[in-house]
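Remarks on the overall topology
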Amino acid sequence: MYREPRLLCLAQRIVAWAWDAGSALVRPRAEPGSEYPRVLALIARQLEVSEFDIFDKAYRSWYGYAPAVRELEREFGRFLNQQCDLPFYVRRFIARIGTLAA
């Protein structure tokens, strides 16, 4: 009958302990962008407008002119279906609103 050498078993235990200790110290990574839908919904509720209106206001604020509704609808739809992250101009708009509200 084969028995593992005692040092190998001890080394495996040390590695397993170190791995567990290290993983307890490292925070689990949140999925990028997972916070944005909730924040967008909260801000829309506070402003008493729809999430699409937030996209529209953010676009107007960033570019200085009205967006093409079809393009904005496409971008908003991709965001709702989680095919893409929140556009940069909406993230900046949300951050600015959060700063002004604080």
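Within every chain, residues take consecutive numbers counted from 1 along the sequence as written. With pLDDT at 70 or above as the cut-off, local features in this predicted model cover only qualifying residues; side-chain atom pairs require 80 or more to be listed or tallied, and sums for whole chains, interfaces and linings still use all residues. Computation of side-chain values covers all heavy atoms of the structure but excludes hydrogens and water.

1. Side note on the packing of helix H2 (residues 36-47) against helix H3 (residues 51-63)
Inter-axis angles, ranging from 0 to 180 degrees, are taken between N-to-C directions of lines fitted to C-alpha atoms, where helices are fitted over the stretch in contact. Going along the chain from the N terminus, every DSSP run of H or I of four or more residues is numbered as a helix, and every run of E of two or more is numbered as a strand. It is the contact of H2 with H3, at a shortest axis distance of 9 Å, that shows an interaxial angle of 90°. Taken as axis vectors, H2 and H3 run roughly perpendicular relative to one another. Between H2, through Leu 40, Ala 41, Ile 43, Ala 44 and Leu 47, and H3, the contact on the second element is made entirely by Glu 51, Ile 54 and Phe 55. Only Asp, Glu, Lys and Arg are considered charged, only Ala, Val, Leu, Ile, Met, Phe, Trp, Tyr, Cys and Pro nonpolar, and every remaining residue, Gly among them, polar. Its residues placed into classes, the contact of H2 with H3 shows seven nonpolar, no polar and one charged. Each angle receives one of four descriptions, namely roughly parallel if under 35 degrees, roughly antiparallel if over 145, roughly perpendicular if within 65 to 115, and oblique otherwise. By the convention used here, residues are in contact when the closest approach between their heavy atoms is within 4.5 Å.

2. Looking at the nonpolar core
What makes a nonpolar core is a set of buried Ala, Val, Leu, Ile, Met, Phe, Trp, Tyr and Cys residues whose side-chain atoms join them at distances within 4.5 Å. Only protein chains enter the calculation, and the probe is 1.4 Å; a residue is then buried if its accessible area is under 20% of its type maximum, exposed if over 50%, and partly exposed in between. Within the largest apolar cluster, 16 residues are counted, with the highest numbers of intra-cluster contacts made by Leu 40, Ile 54, Phe 55, Leu 86, Tyr 89, Val 90 and Ile 94. The element best represented in this core is helix H5 (residues 88-101), accounting for five residues.

3. Focus on the side chain of Asp 56
Here Asp 56 shows up in helix H3. Not counting residues within four places of it along the chain, the set of residues in contact with Asp 56 comprises Pro 67 and Leu 72.

4. Observations concerning the packing of H3 against helix H4 (residues 69-80)
Between H3 and H4, the least distance of the axes is 11 Å, while the angle of their chain directions is 125°. The pairing of H3 with H4 is recorded here as oblique in orientation. Considering only the axes of H3 and H4, their crossing is right-handed. Between H3, through Glu 51, Phe 52, Phe 55, Asp 56 and Tyr 59, and H4, the contact on the second element is made entirely by Leu 72, Glu 73, Glu 75, Phe 76 and Phe 79. Its residues assigned to classes, the contact of H3 with H4 comprises six nonpolar, no polar and four charged. Crossings are classed by handedness, with left-handed meaning an anticlockwise turn of the near helix from the far one by less than a right angle and right-handed meaning a clockwise turn.

5. Some points on the pattern of salt bridges
Between Lys or Arg on one side and Asp or Glu on the other, a salt bridge is scored when a side-chain nitrogen of the former is within 4 Å of a carboxyl oxygen of the latter. Scanning the model with the defined rule gives three salt bridges in all. Note that Asp 85 and Arg 91 form a salt bridge whose closest N and O atoms lie 3.2 Å from each other. Take Asp 85: its relative accessible area is 38%, and that puts it in the partly exposed class.

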